[in-house]
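Coordinate inspection notes
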Amino acid sequence: MGIRCGIVGLPNVGKSTLFNALTATGAAQTGNFPFCTVDPNIGRVAVPDSRLEAIAGIAQPAKVIANQIEFVDIAGLVRGASQGEGLGNQFLANIREVDAVLHLVRCFEEGEVAHVDGSVDPIRDIETIETELMLADLESLEKRQQSTEKRAKTGDKEAKLDLVLIERTLAALRDGKPARSVEIADDEAKRFRMLQLLTSKPLLYVCNVDEADAADGNRHTQAVAERAAAEGAQSVVVSAKIESELAEIDDADERAMFLAELGLEEAGLDRVIRAAYRLLGLITFFTAGPKEARAWTVRDGAKAPEAAGEIHTDFERGFICAETIAYDDYVALNGEQAAKQAGKMRQEGREYLVRDGDVLLFRFNV
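Quick caveat, the model's predicted, so the values are computed rather than measured. Position numbers for residues count from 1 along each chain, tracking the sequence in the order it is written. Owing to the predicted nature of the model, reporting of local features is limited to residues with pLDDT of at least 70; listing and counting of side-chain atom pairs is limited to 80 or more, with chain, interface and lining totals taken over all residues. Think of the side-chain values as coming from all heavy atoms in the structure, minus any hydrogens and water.

Moving on, we get to the overall build of the protein chain. Counting from the N terminus, the helices are the DSSP runs of H or I reaching at least four residues and the strands are the DSSP runs of E reaching at least two. Helix and strand content of the protein chain: 14 helices and 12 strands. Contact criterion: two residues are considered in contact whenever any of their non-hydrogen atoms come within 4.5 Å of each other. Here the analysis covers contacts within the protein chain between residues at least 6 apart in sequence; of these, 69% occur between residues at least 24 apart.

On to the packing of helix 4 (residues 122–153) against helix 5 (residues 157–174). One can describe the packing of helix 4 onto helix 5 by two numbers: an axis separation of 9 Å at closest approach and a directional angle of 150°. Our classification of the angle between helix 4 and helix 5 gives roughly antiparallel. Every pair of crossing elements has a handedness; the one defined by helix 4 and helix 5 is left-handed. Every residue of helix 5 that contacts helix 4 at Met134, Asp137, Leu138, Leu141, Glu142, Arg144, Gln145, Thr148, Glu149, Arg151 and Ala152 is listed here: Ala159, Lys160, Asp162, Leu163, Ile166, Glu167, Thr169, Leu170, Leu173 and Arg174. Interaxial angles span 0 to 180 degrees and are taken between N-to-C directions of axes, which are lines fitted to C-alpha atoms, for helices over the stretch in contact. Geometric relationships in this document are graded by angle, where less than 35 degrees denotes roughly parallel, more than 145 denotes roughly antiparallel, 65 to 115 denotes roughly perpendicular, and other angles denote oblique. Crossing handedness follows the turn of the near helix against the far one: under a right angle anticlockwise gives a left-handed crossing, and clockwise gives a right-handed one.

Whether two aromatic rings pair depends on their centres lying within 6.5 Å, for rings of Phe, Tyr and Trp, where Trp uses its six-membered ring; planes under 30 degrees apart make the pair stacked, over 60 edge-to-face, and the rest tilted. Here the structure, examined in full by the defined rule, presents 4 aromatic pairs. With a centroid separation of 6.1 Å and an interplanar angle of 90°, the aromatic rings of phenylalanine 285 and phenylalanine 362 are classed as edge-to-face. Here phenylalanine 285 is found in strand 8 (residues 282–288), whereas its partner phenylalanine 362 is found in strand 12 (residues 359–364), with 77 residues between them in sequence. Both residues of the pair, phenylalanine 285 and phenylalanine 362, count as buried. Aromatic ring contacts, followed pair by pair, group Phe285, Trp296, Phe319 and Phe362 into a single cluster. Accessible area is worked out with a 1.4 Å probe on protein chains only. A residue is then buried under 20% of its type maximum, exposed over 50%, and partly exposed in between.

Turning to the side chain of aspartate 358, a few remarks are in order. The topology assignment puts aspartate 358 in the loop between strand 11 (346–348) and strand 12. Arginine 346 is the oppositely charged side chain nearest to the buried, salt-bridge-free aspartate 358, at an N-O distance of 4.7 Å. Those residues in contact with aspartate 358 that lie beyond four places of it in its chain are Thr284, Phe285, Phe286, Thr324, Ile325, Ala326 and Tyr352. In this tally, Asp and Glu contribute negative charge and Lys and Arg positive charge; neither His nor the terminal groups of the chain are included. Here, a salt bridge means any side-chain nitrogen of Lys or Arg that lies within 4 Å of a carboxyl oxygen of Asp or Glu.

To continue, consider helix 5. Residue count minus one, scaled by 1.5 Å, sets the expected span of a helix. Along its 18 residues, helix 5 runs 26 Å from first to last C-alpha, staying within 8% of the 26 Å computed at 1.5 Å per residue. Within the sequence span of helix 5, burial applies to Ala159, Asp162, Leu163, Leu165, Ile166, Thr169, Leu170, Ala172 and Leu173. On the buried face of helix 5, the contacting elements are helix 4 and helix 6 (189–193). Two N or O atoms count as a polar contact when they lie within 3.5 Å, although within protein this holds only if one can serve as hydrogen donor and the other as acceptor, and sequence-adjacent residues are included solely when both atoms are side-chain atoms. Measuring from the side-chain oxygen of the N-cap residue of helix 5 to the backbone nitrogen of glutamate 158 gives 2.9 Å; that N-cap residue is aspartate 156. In the stretch just after helix 5, glycine 176 is the one whose phi turns positive, near 80°.

Let us look at helix 10 (residues 268–280). Given a rise of 1.5 Å per residue, 13 residues ought to cover 18 Å, and the 18 Å separating the end C-alpha atoms of helix 10 matches this to within 8%. Burial in helix 10 covers these residues: Gly268, Leu269, Arg271, Val272, Ile273, Ala275, Ala276, Tyr277 and Leu279. Glycine 281 lies just past helix 10 and shows a positive phi near 65°.

Right under this line is the structure:
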């Protein structure tokens, strides 16, 4: 399962700096001026997971393959973007293609970096971006409503169902609420996703702070956390400066020492990725053998055949069973054979709900 997260925010909040650090590349141009990113930069990074390292240490495979997450650095939006201001709708379209939105918010006071509105106020900045996205959604839905009404009048049943959903979502947007605030029934979820609304995307606020505030945050990050809690959203605190410096350190021990000196237990990348997984309702399972040890992503609540399908569609189509070992048992007993002898390997059927950390071997026949 591929995961794509778009980094959005006002100009000069540190999007490209963070993107460069997260992907450990210099792919995105950075600079103290708006719109330094003209095309959306895309970078893929391995998802850090100490469990995969432990499994590989036991299985001794020829290859170790981590989960991947994709970050898209989208140019800074400004007030009026929905009407074409700045670089406008060109970049609103890029947001439609991501699974989740990472809204980077400036929570540092550094005077040398100009703020487009002249002062640091993260809540105001959040509202600016959210308003532009809601206005873009409103315009998109009003156009869709017209064509859907015409089809509904001809007796088109699908159009009638779409129209009910469109009208309910339009009511929320006109009331100043994002599309994600609309209650969607399970049987409406696919139809709702097809609307491709910007404000329907799961949202994570990423607070960019100075080095001194990386461990504990500051009054700005507290304000963002309170807003996120009120919305049922999430927020994390990172320092793009620290992440940039960290990206240049190759030695693991040096990286750990650098973080410890700053009072940090882990890199901001780890916190962002973990929060993104929670936001999207995802978990990780593993496969391990002499050829490779690999981490796989699946939605929380997926049954065993669906997880098998992440590896290959034939695995899902011809699913027989999943030989399952819990991660803790795999590590404690030093691998598959010992776990099997100890009775810790279970054969699970089609209704088994995959758990985070499961080490799985699928049996199938096609």
